[in-house]
Amino acid sequence: MALKIMGVAFVVGFLVVVGVFAYFRKDLPKVKDVSGNNFGGSVTYYDRTGQTVLFQDYNDKKRVPVEAKNIADYMRQATIAIEDKNFYEHGAFDTKGIMRAVVNDIKGGGSRQGGSTITQQLVKISEGWTNDVTIARKIKELILAVELEREYTKDEILNGYLNMAPYGNVNYGVETASQDYFGISAKDLTLEQAAMLASIPKAPGSLSPFSSPRFNPSLTADYFDEEAL
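Thresholds, definitions, all that
Residues numbered from 1 in each chain as written. Predicted model: local features only at pLDDT ≥ 70, side-chain atom pairs only at ≥ 80, totals over all residues. Heavy atoms only, no water. Buried < 20%, exposed > 50% of the residue type's maximum accessible area, 1.4 Å probe, protein only. Helix = DSSP H or I, 4+ residues; strand = E, 2+ residues; numbered from the N terminus. Contact = heavy atoms within 4.5 Å. Phe/Tyr/Trp six-rings, centres within 6.5 Å; stacked < 30°, edge-to-face > 60°. Salt bridge = Lys/Arg side-chain N within 4 Å of Asp/Glu carboxyl O. Axes fitted to C-alpha atoms, helices over the stretch in contact; angles between N-to-C directions. Parallel < 35°, antiparallel > 145°, perpendicular 65-115°, else oblique. Left-handed = near helix turned anticlockwise from the far one by under 90°. Nonpolar A, V, L, I, M, F, W, Y, C, P; charged D, E, K, R; others polar.

**With respect to helix α7 (residues 174-182)**
Those residues of α7 that sit buried are V174, E175, T176, A177, S178 and Y181. Residues of α7 that are buried make contact with α2 (73-83), α6 (154-162) and α8 (191-199). Of the residues one or two after α7, G183 is the one with positive phi, at around 70°.

So this is what it looks like as structure tokens:
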């Protein structure tokens, strides 16, 4: 009898999961690429030699995507260490990380923890879901994260994230962030510079120095939390 009950429960649970997946998947876009082409970014104008930048045209996003070979290993390592230390070990989502975040939030253990993997964060950024924390959105995020990991390698997903992550002010992607913060390309970042940049996407509104009038004269209020950074 116990085995029968377990069997029925398993079948019912499986059908519920399939039903939930089908219900939410029908309205979701197909994950086509991780280049961020639909995300927006800057248009860079060069002189006829192709070497000298004349000016950049951008509105609310300053972003210049680069290939993985043009991003310093320090930046990849720092991002994984801060955002998702088991990125290469788990799948689209980290069950342990989610449970740890739930327990922490229930206990009120300081700052809230999202438990999101880099793959999930890439989905949130590319779909514009960064401010939506509903259960329905979370389910959609998990569905697209699973599909993303079926279509792309971990390295491709990480590179996609590094090209779209918010680094404060209008900087999206590590290339423009490297140029604006340090005046160098992302491939030339040092360990210390990479560690600083990798920390900012956690809370770009308060961890970016550009959130302070000291570094951004266009502001009148200071939102920069230097100690937290």
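**Side note on the environment of E175**
One can find E175 in helix α7. The buried category is assigned to E175, whose relative accessible area is 7%. When the C-alpha atoms of E175 and K187 are compared, they prove to be 8.4 Å apart, with 12 residues separating the residues in sequence. E175 has contacts with V64, V66, N70, S185 and A186, leaving out every residue within four places of it along the chain.

**With respect to the packing of aromatic side chains**
On inspection of all chains with the given rule, the structure shows four aromatic pairs. On the numbers, 5.0 Å between centres and 75° between planes, the contact of F87 with Y88 is edge-to-face. Here Y181 and F182 contribute two aromatic rings whose centre-to-centre distance is 6.2 Å and whose plane-to-plane angle is 40°, an arrangement assigned as tilted. Taken together, Y181, F182 and F210 form an aromatic cluster joined through their ring pairs.

**Description of the pattern of salt bridges**
Per the counting criterion, the structure on display carries nine salt bridges. One salt bridge in this structure joins K138 and E141, with 3.3 Å as the shortest N-O distance. Taken together, the residues K138 and E141, both in helix α5 (residues 135-151) and three residues apart, mark about one turn of the helix. For K138, a relative accessible area of 25% puts it in the partly exposed group. Accessibility expressed as a relative area gives 0% for E141, which makes it buried. Ionic pairing is found between E226 and R214, a salt bridge with its closest N-O pair at 3.3 Å. Here the residue E226 occupies a position in the segment after α9 (204-207), and R214 occupies one in the segment after α9, the gap between them amounting to 12 residues.

**With respect to the packing of helix α4 (residues 118-127) against α5**
Packing of α4 against α5 leaves a shortest axis separation of 9 Å and a crossing angle of 110°. Between α4 and α5, the crossing angle belongs to the class labelled roughly perpendicular. α5 is crossed by α4, and the crossing has right-handed handedness. Judged by residue contacts, T119, Q120, L122, V123, K124 and E127 of α4 engage R137, K138, E141, L142, L144, A145, L148 and E149 from α5. In terms of residue class, the contact of α4 with α5 is made up of six nonpolar, two polar and six charged.

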